[in-house]
Structure formats: C-alpha cells, structure tokens
Amino acid sequence: MEEKIVYFEEHGAANTETTLSLSIQRAKDRDIKKIVLASTRGDTAKLLAQKLAGTGIKMVVVPHQYGFGPEGRQRFSPELIADLKKQGHSVYFGTMLFHTDRFYGDNTPTIMANLLRTFCQGMKVAVEIVLMAANGGELAAGEKCVVVTGTGRGADTAVVALAATSTNLGELHITEIICKPLQTKQGPPPPPPGAPAAAGAAAPAGPPPGPRP
C-alpha cells in the first residue's frame, strides 16, 4: 500500500485549508463517517462544518474542558454548540487526559504528552481527543475516524485512527498520517516539582501546550 503524506515546512493556522481538504478527501476515500476535531474557540469548527455540508460526514468537536487555562472560562460559545448540533454534528466536553497530573499526583500524563510531541504538537492532541471522544460515547471502540488538530491556532495535523477508550489504551491505533508539520519545537523539559529554575534559563520554545484551533 502506498499513500501520500503532506509535510508542512511551518506549523500553524496557515495550513488550515489544506489540512481540512486533505482530511475530508481521506475520509471519503476510506468511507469514514466521522471527523474528530480539536477546536478551542470554534473558528476551525465553523470552517469544517461548511466544508462538510452535503458530504454525509459528521464532525465531533472536542474543545477545552471547562475550567482549563489561566482564565478558567469556556471559549467555545453556547450559540455555536447549538448551531453545530442543528447541522448534525457533536460537541463533546471531557477531561483532558494529558492534563491530569495535579489530580492524580503523578507526572505520567505529561510524559506521555511530551513523547507524542516528538512527532508534533498536533499528534499529542490527536491521541488525547480520540480517547476523550470514545470515553464520552462519541466514537465506538474500534471505529475508524479522521482526527484533525493543530499547533496553537488553526489545523496542521491530521491522522486516521481506530478509536479506543482511555481504559483500553492499547486498542488505540494511528493507522495513517495524512499531514503534519515537519517540526514543532517544545523546548527543554520543565524542572521537577519544587526544583529551582536554572539560572538564566530561557523560556521554553515552541507552541504552548494548551490552545487549540
């Protein structure tokens, strides 16, 4: 089997149109009926909804959970949720699995997230939101879907996945990479809890871990 992968020389929102078009085409080629999308503010969700009109493909949008981030407020508007639901799409709010260190007192989620970021920021988010969507019943175990994510804003990463819940992590499979940035730097790892920052240490480079398109 041979398939094309598109690599973006730069990450970010400038790749959104191409990423969405590639994702829809791959869903059509594979007879996939759901696209899972990470979207914080809803801009990319609105754009993808427009592109999906008449295709029969449904979108599952996964925004930030409530209370996430320094502001603590939900940036995905209730009006947009209602509008997307009228179009037959779903919006799911769930616990962001790679941001649970404080709750469990264990840094395993951060280690997993940073490992996935070695592919790119979007790969970390892709794995996270597929697990979240399956946990919430938006995807069946083993269901094939296209997953679209980004770096900071917009979309620049897309994969084909077989869904699984977080209690069955070994059943999750990324079967195809549709597109991704060549590189998204995440900077040096943070110091252990309680350890003083190194003198003269620079702020971590690259995209912040939180915002989604």
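It should be emphasised that the depicted structure is a prediction, and the values quoted were computed from it without experimental measurement. (Residues numbered from 1 in each chain as written. Predicted model: local features only at pLDDT ≥ 70, side-chain atom pairs only at ≥ 80, totals over all residues. Heavy atoms only, no water.)

**Examining the nonpolar core**
At step 1: Of all hydrophobic cores here, the largest spans 28 residues; its most connected members are Val36, Ile129, Val130, Leu139, Cys145 and Val147.
At step 2: Of all the elements, helix H6 (residues 121–135) adds the most residues to this core, at ten residues.
At step 3: The contacts of Val36, once residues within four sequence positions are left out, are Val60, Val62, Ile129, Ala133, Leu139, Cys145, Val146, Val147 and Val148. (Core = buried A, V, L, I, M, F, W, Y, C linked by side-chain atoms within 4.5 Å. Buried < 20%, exposed > 50% of the residue type's maximum accessible area, 1.4 Å probe, protein only. Helix = DSSP H or I, 4+ residues; strand = E, 2+ residues; numbered from the N terminus. Contact = heavy atoms within 4.5 Å.)

**Quick notes on the packing of helix H1 (residues 16–29) against helix H2 (residues 43–52)**
A packed helix pair is summarised by two numbers, namely the angle formed by the two axes and the spacing between the axes.
At step 1: Contact geometry for H1 and H2: axes closest at 11 Å, N-to-C directions at 45°. When the interaxial angle is binned, H1 and H2 end up oblique. Two packed elements cross with a definite hand, and for H1 against H2 that hand is right-handed. Listed contacts from H2 to Thr16, Glu17, Leu20, Ser21 and Ile24 of H1 are Thr44, Leu47, Leu48, Lys51 and Leu52.
At step 2: Partitioned by chemical class, the residues of the contact of H1 with H2 number five nonpolar, three polar and two charged. (Axes fitted to C-alpha atoms, helices over the stretch in contact; angles between N-to-C directions. Parallel < 35°, antiparallel > 145°, perpendicular 65-115°, else oblique. Left-handed = near helix turned anticlockwise from the far one by under 90°. Nonpolar A, V, L, I, M, F, W, Y, C, P; charged D, E, K, R; others polar.)

**Considering H2**
At step 1: Of the positions making up H2, those classed as buried are Thr44, Ala45, Leu48, Ala49 and Leu52. Buried residues of H2 fall within an arc of 135° about the axis and therefore sit on the same side.
At step 2: One or two steps after H2, the chain reaches Gly54, where phi turns positive at roughly 85°. (Arc of directions from axis to C-beta.)

**Overview of the sheet that holds strand E2 (residues 34–38)**
The strands making up a sheet associate through backbone hydrogen bonding, with each pair oriented either parallel or antiparallel.
At step 1: In space, the seven strands of this open sheet follow the order E1-E7-E6-E5-E2-E3-E4, with mixed pairing throughout. Each edge of the open sheet is held by one strand with a lone partner, namely strand E1 (6–8) and strand E4 (90–91).
At step 2: In this structure, E1 lies alongside strand E7 (residues 173–181), joined through three bridges in parallel fashion. Note that in E7 the partner of Phe8 across the bridge is Pro181.
At step 3: Its contacts with the sheet place H1 against E1, E2, strand E5 (144–151), strand E6 (153–162) and E7, and it is angled at close to 20° to E6. (Pairing = 2+ DSSP bridges.)

**Section: H1**
At step 1: The end-to-end C-alpha distance of H1 is 20 Å, a good match for the 20 Å that 14 residues give at a rise of 1.5 Å each.
At step 2: All buried positions along H1 are accounted for by Thr16, Thr19, Leu20, Ser23, Ile24, Arg26 and Ala27. Down the axis, H1 shows its buried residues gathered within 165° of arc, on one side only.
At step 3: Summarising the contacts, the buried residues of H1 are in contact with E1, E2, H2, E5, E6 and E7.
At step 4: Taken from the residues just after H1, Asp31 is the one with a positive phi, measuring 55°. (Expected span 1.5 Å × (residues − 1).)

**Comments concerning a nonpolar patch on the surface**
At step 1: A contiguous nonpolar surface patch, about 290 Å² in accessible area, is contributed by Ile5, Tyr7 and Leu182.
At step 2: Structurally, Leu182 is set in the segment after E7.
At step 3: A relative accessible area of 53% places Leu182 in the exposed class. (Patch = residues over 30% accessible without salt bridge, like charges linked within 9 Å, V, L, I, M, F, W, Y side chains within 5 Å. Areas by Shrake-Rupley, 256 points an atom, 1.4 Å probe, with all protein chains shown as cover. Salt bridge = Lys/Arg side-chain N within 4 Å of Asp/Glu carboxyl O.)

**Some words on unusual backbone geometry**
At step 1: A positive phi angle is found at Asp31, which is not glycine, with a value near 55°.
At step 2: Examined against the element boundaries, Asp31 turns out to sit in the loop between H1 and E2.
At step 3: You can call Asp31 exposed: its relative accessible area is 54%.

**Looking at the confidence of the model for the protein chain**
At step 1: Confidence along the protein chain averages 86 in pLDDT terms, with 81% of residues attaining 70 or more.
At step 2: Per-element averaging of pLDDT across the protein chain places helix H4 (residues 101–104) at the bottom with 66 and H1 at the top with 98.
At step 3: For the stretch residues 199–211, pLDDT sits under 50, and the model shows 21 contacts to residues farther than four places along the chain or on other chains. (pLDDT = per-residue confidence, 0-100.)

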